[in-house]
Amino acid sequence: MEKIIAPSLLSCDFANLQSEIEMINNSEADWFHLDVMDGVFVPNITFGMPVIQYIKKYAKKPLDVHLMIVQPERYISEFKRAGADLLTVHYEACTHLHRTIQAIKAEGMKAGVVLNPHTPVSVLEDSINDVDLVLIMSVNPGFGGQSFIENTYKKVEQLKRLIQHHQAQVIIEVDGGVSDKNIVKLAESGVNAFVAGNFIFKSENPAQTISHLKQLLNS
Ligand code: DX5
Ligand code: ZN
């Protein structure tokens, strides 16, 4: 499976959103990672559908929308209309996860489920054949720029085993504290898609940083 870099716009310069989008369009990045926070599921508030709609207007790559909101099932069709290609919901926020995954797919989007650092991979035993992607949080969700949690490698390996055991086709994505210090080890553990916010946008040359991460994955 090809390795995917998904820059998180959470750390970008929102006053220059269009140029940040063009930078990603012209870079080696694969997806746009968009973090939607409601101030309830996580202690932070970001943006919603109108901003996603504007991003969609200029983005030439798929939108990977990470919902950190309670009851995400209420807004599935709205996120589809706003332009999401891949919609990920938190396991911890879904009482009826199976129904929510089916609803996302019925809208024609790829469906992903996200696990917080404290949530074991084993809770996905009965869902792994239904999802297109599993996102393992390598920080507690809510903010960019936090330190990577080392236990993530173990969880990725467990998830890989679960996927193989069920002969499922699932992308393994990791989000939080990803940098040139851990990306190779994460890839070796089984990660296919890498979200990076601060490491890309706070660097001197974000497009070059994306290219550097890609090179590390291809070496
Ligand atoms: C955190 C978000 C992440 C965040 C990652 O809750 O889900 O996508 O932007 O940022 P970094 O790479 O800075 O940890
Ligand atoms: Zn995210």
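Note that the structure is a prediction, hence the values are computed from the model and not measured.

**A word on the overall build of the chain**
No. 1: Within the chain, the regular secondary structure consists of eight helices and eight strands.
No. 2: Relative to the globule expectation of 17 Å for 219 residues, the C-alpha radius of gyration of the chain, 16 Å, shows essentially globular dimensions.
No. 3: With respect to the principal axes defined by its C-alpha atoms, the chain has extents near 45 × 40 × 30 Å.
No. 4: In the chain, buried positions account for 54% of the 219 residues.
No. 5: Restricting the contact set of the chain to residue pairs at least 6 apart, pairs at least 24 apart contribute 65%.
No. 6: Looking at the chain as shown, the accessible area adds up to about 9,900 Å², and 48% of this sits on carbon and sulfur atoms.

**Description of unusual backbone geometry**
Most peptide bonds take the trans form, and the phi angle of most residues other than glycine is negative.
No. 1: Look at Gln71: it is not a glycine, yet its phi comes out positive at around 45°.
No. 2: Mapped onto the fold, Gln71 is located in the loop between strand S3 (63–68) and helix H3 (76–82).
No. 3: One non-glycine residue, Gln167, lies in the positive phi region at around 50°.
No. 4: Topologically, Gln167 is positioned in the loop between helix H5 (152–165) and strand S7 (171–175).
No. 5: With relative accessibility at 72%, the residue Gln167 sits in the exposed group.

**Focus: the site of ligand 1**
No. 1: Within the structure, ligand 1 sits among 20 residues, and Ser8, Gly142, Gly145, Asp175 and Gly197 are positioned closest to it.
No. 2: Within the side chain of Asp35, a nitrogen or oxygen atom sits 2.9 Å from an oxygen atom of ligand 1.
No. 3: One nitrogen or oxygen atom from the side chain of His66 is found 3.2 Å from an oxygen atom belonging to ligand 1.
No. 4: Within the complex, the protein chains bury 99% of what would otherwise be the 380 Å² of accessible surface of ligand 1.
No. 5: When atom positions are compared with the pocket grids, ligand 1 is found to occupy the largest pocket.
No. 6: Every element with two or more residues in the shell around ligand 1 is listed here: strand S2 (32–37), S3 and strand S8 (193–196).
No. 7: Top contributing element to the shell around ligand 1 by residue count: S2, with three residues.
No. 8: Residues of the shell around ligand 1, tallied by class, amount to eight nonpolar, ten polar and two charged.

**A few points about the pairing of strand S6 (residues 133–137)**
No. 1: Of all five residues that make up S6, five are buried, and the element is covered over most of its length.
No. 2: In terms of strand pairing, strand S5 (residues 110–115) meets S6 through four bridges, oriented parallel. If you follow Val113 over to S6, its bridge partner there is Val134.
No. 3: With five bridges joining them, S6 and S7 adopt parallel strand pairing. Across the sheet, the residue bridging to Ile136 is Val174, located in S7.

**Quick notes on the coordination of the zinc ion (ligand 2)**
No. 1: Each protein donor to the zinc ion (ligand 2) is listed here as His33 (NE2), Asp35 (OD), His66 (ND1) and Asp175 (OD); together their distances run 2.0 to 2.3 Å.
No. 2: Between the six donor atoms coordinating the zinc ion (ligand 2), the angles at the centre fall across 71 to 167°, so the site counts as octahedral.
No. 3: Read in sequence order, the donor residues for the zinc ion (ligand 2) give the motif H-x1-D-x30-H-x108-D. With His33 in strand S2 and His66 in strand S3, this pair connects stretches of sequence that are 33 residues apart. Each of the two residues, His33 as well as His66, counts as buried.

**Let's talk about the sheet that holds S2**
No. 1: The strand order S1-S8-S7-S6-S5-S4-S3-S2 describes an open sheet built from eight strands, whose pairing is parallel. Of all the strands in the sheet, just strand S1 (4–7) and S2 have a single pairing partner and so form its edges. Each strand axis lies, on average, 25° off the axis of its neighbour in the sheet, ignoring direction.
No. 2: Across five bridges, strand S4 (residues 86–90) lies against S5 in parallel orientation. Residue pairing in the sheet places Thr88 in a bridge with Gly112 of S5.
No. 3: Packing against the sheet, H5 makes contact with S5, S6 and S7, and its axis sits at approximately 165° to S7.

Cut-off values and rules
- Throughout, residues of each chain are indexed from 1 in the direction in which the sequence is written.
- The order in which chains are written sets their letters, starting at A; the order in which ligands are written sets their numbers, starting at 1.
- Restriction of local features to residues with pLDDT of at least 70 applies here, the model being predicted, together with a cutoff of 80 or more for giving and counting side-chain atom pairs; totals for whole chains, interfaces and linings are based on all residues.
- Only hydrogens and water are set aside; all other atoms, that is, all heavy atoms of the structure, feed into the side-chain values.
- Strands are runs of DSSP state E lasting at least 2 residues, helices are runs of H or I lasting at least 4, and numbering of each runs from the N terminus.
- The globule rule used for comparison is 2.2 Å times the number of residues to the exponent 0.38, while the radius of gyration itself is calculated over C-alpha atoms.
- Type-normalised accessible area, obtained with a 1.4 Å probe on protein chains alone, sets the label of each residue: buried when under 20%, exposed when over 50%, and partly exposed for intermediate values.
- Should any heavy atoms of two residues lie within 4.5 Å, those residues are considered in contact.
- Per-residue and other accessible areas follow the Shrake-Rupley method at a 1.4 Å probe size, with only the shown protein chains counted as cover for residues.
- Only heavy atoms are used to decide nearness, and a residue is near a molecule or strand if one of them lies within 4 Å of it.
- Polar contacts, as used here, are pairs of N or O atoms within 3.5 Å; protein pairs need one atom able to donate a hydrogen and one able to accept it. Residues neighboring in sequence count only if both atoms are side-chain atoms.
- Space inside and on the surface of the protein is sampled on a 1 Å grid over the protein atoms alone, with a cavity defined as a set of points where a 1.4 Å probe fits but cannot get out and a pocket as an open set with protein on both sides within 12 Å along at least 5 of 7 lines; lining residues have an atom within 4 Å of a point.
- More than half of a molecule's atoms lying within 2 Å of a cavity's or pocket's grid points is what places that molecule inside it.
- In this classification, Asp, Glu, Lys and Arg are treated as charged, Ala, Val, Leu, Ile, Met, Phe, Trp, Tyr, Cys and Pro as nonpolar, and every other residue, Gly included, as polar.
- At least two bridges found by DSSP between two strands are what make those strands a pair.
- Listed donor atoms are N, O and S within 2.8 Å of the metal (Na, K and Ca: 3.2 Å). As water is not included, a site may look incomplete.
- A four-donor site is classed as tetrahedral when every donor-metal-donor angle falls between 85 and 135 degrees; four donors are called square planar, and six octahedral, when trans pairs exceed 155 degrees and all remaining angles lie between 65 and 115, with any other arrangement labelled irregular.
- Helix axes use the C-alpha atoms of the stretch in contact, all axes being lines fitted to C-alpha atoms, and the angles between their N-to-C directions lie in the range 0 to 180 degrees.

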